[in-house]
Amino acid sequence: MQFRDLNTQYLTLKEEMDKAIQEVLDNCKYINGPQVKELEKQLADYVGVKHCITCGNGTDALTMVLMSWGIKEGDAVFVPDFTFFASGEVVSFEGATPVFYDVCENTYNADAESLEKAIVAVIKEGKLRPKAIIAVDLYGQPADYSKLQKIADKYDLFLLEDGAQGFGGMINNKRACSFGDVATTSFFPAKPLGCYGDGGAVFTNSDKMAEYLRSISVHGKGTYKYDNIRIGWNSRLDTIQAAILKVKLNAFKNYEVKNVNRVASQYTKLLKGVVEVPEILPNFLSSWAQYTIRLQNHIQRDGLKEHLQKAGIPTMIYYPKAMHHQTAFKAIDMYVECPRAEKLCNTVLSLPIHPYLTEEEVKLVTELIKDYIGK
């Protein structure tokens, strides 16, 4: 069994995929080929924003946004304590200070109350300038942006949606990567929409930001290649990855999001009352980057992981260490306690999930879990 079955996906899309890749090889336009602009328009239309700017990876996408906001030393950027390292790494990369806040135990996403406490504590101390909030759509479900936007407006802060895991999710009729002032995503192969290498994108309705991002992604270029009007870097999505993503996006829109939600529903039906299952809020839709259960403690979690591994079932722990416990952040001050993040690090376990997982495979996984819990 595959944790994220990219092989079955490829075999399903093989005819279209091979044709799309061969077209790039035939035309030899490996950088900034027409497929890149076509993909950007399709992505922007799907999300419901004016601009999509693709780039080399999801981390670059986050960094480019912080650059556009002028985030610098002395600034505070508020980051969930339970997330992938890149969400905080990009803040430090700009010389600013990540300030960690807690998450909700039932959704794994930003806790608005903890966030506001962290903001107030930073303001009261007076050493850092609060500038921006990063919220993460962890495991596929968007964060609660109705609450987060109110806090951002109250304290005059930028709000960045890190949709690396949330692409395809929704709140009511509004899609992930359309919330906050700007949003980013990742096309890492295991993401809900992934390419065959690295890739990322920024989504914005701002013409000014879009122009800036397109410039810095290609060495700060101006009106043409050798007119460099600012210091930038090199972060572009390859044409061949754009061609791959165009094929995958059609499948994603047509049936993959629906199918992965069917798989998640089956998991929840079979595991509810056995372990703690993820909660999807009313009027929210998840794209299920991961299906993550919670156990009683790390001993039970680690034991279940070993039990499933012996049966050939792959699992993952996203994430075993809170951000404030990362060695690279050991000198960062904590402004609020984050007990839920620490608890999740010791209790979460992600099960295999993808649009091509069969009912029989889900039943196999759940029966093994029930067998272990029963013992």
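It should be emphasised that the depicted structure is a prediction, and the values quoted were computed from it without experimental measurement.

Pairing between the strands of a sheet comes from backbone hydrogen bonds, and it takes one of two forms, parallel or antiparallel. Judged by pairing direction, the sheet is antiparallel, and its three strands sit side by side in the order β7-β6-β10 without closing on themselves. Each edge of the sheet is formed by a strand with only one pairing partner; in this case those strands are β7 (174-175) and β10 (284-285). The sheet contact formed by strand β6 (residues 170-171) and β7 spans two bridges and is antiparallel. For Ile171, the partnering residue across the bridge sits in β7 and is Lys174.

Now for the packing of helix α8 (residues 239-271) against helix α11 (residues 359-374). α11 packs onto α8 with a crossing angle of 30° between their chain directions and a minimal axis gap of 10 Å. Looking at the two axes, α8 sits roughly parallel to α11. The element α8 and its partner α11 pack so that their crossing is right-handed. Here α8 contributes Arg262, Val263, Gln266, Tyr267, Leu270 and Leu271 to the contact with α11, which in turn contributes Glu359, Val362, Lys363, Val365, Thr366, Ile369 and Lys370. A class-by-class count of the residues in the contact of α8 with α11 yields seven nonpolar, two polar and four charged.

The feature "active site" (unreviewed entry), as given by UniProt, occupies Lys191 in the numbering adopted here. Examined against the element boundaries, Lys191 turns out to sit in the loop between β8 (182-186) and β9 (200-204). Setting aside anything within four residues of it in sequence, one finds Lys191 in contact with Arg4, Ala164, Gln165 and Ser186.

Close contact between helix α3 (residues 58-68) and helix α7 (residues 207-216) brings their axes to 10 Å; oriented N to C, the two are set at 120°. Taken together, the axes of α3 and α7 lie oblique to each other. Here α3 and α7 pass one another in a crossing that is right-handed. Between α3 and α7, the residues in contact are Met64, Val65, Met67 and Ser68 and Met209, Tyr212, Leu213 and Ile216, respectively. In terms of residue class, the contact of α3 with α7 is made up of seven nonpolar, one polar and no charged.

Moving on: the pattern of salt bridges. Going through the model one piece at a time under the given rule, you end up with 19 salt bridges. For Arg294, the salt bridge identified is with Glu105, shortest N-O distance 3.5 Å. One end of the pair, Arg294, is in strand β11 (residues 291-294); the other, Glu105, is in the loop between β3 (97-101) and α5 (112-125), and 189 residues separate them in sequence. Looking at Arg294, the relative accessible area reads 9%, which means it is buried. Here the salt bridges do not stand alone but share partners, grouping Glu105, Glu276, Arg294 and Lys343 into one network.

Calculation notes
Residues numbered from 1 in each chain as written. Predicted model: local features only at pLDDT ≥ 70, side-chain atom pairs only at ≥ 80, totals over all residues. Heavy atoms only, no water. Pairing = 2+ DSSP bridges. Helix = DSSP H or I, 4+ residues; strand = E, 2+ residues; numbered from the N terminus. Axes fitted to C-alpha atoms, helices over the stretch in contact; angles between N-to-C directions. Parallel < 35°, antiparallel > 145°, perpendicular 65-115°, else oblique. Left-handed = near helix turned anticlockwise from the far one by under 90°. Contact = heavy atoms within 4.5 Å. Nonpolar A, V, L, I, M, F, W, Y, C, P; charged D, E, K, R; others polar. UniProt positions renumbered as here; feature names shortened; annotations may be inferred. Salt bridge = Lys/Arg side-chain N within 4 Å of Asp/Glu carboxyl O. Buried < 20%, exposed > 50% of the residue type's maximum accessible area, 1.4 Å probe, protein only.

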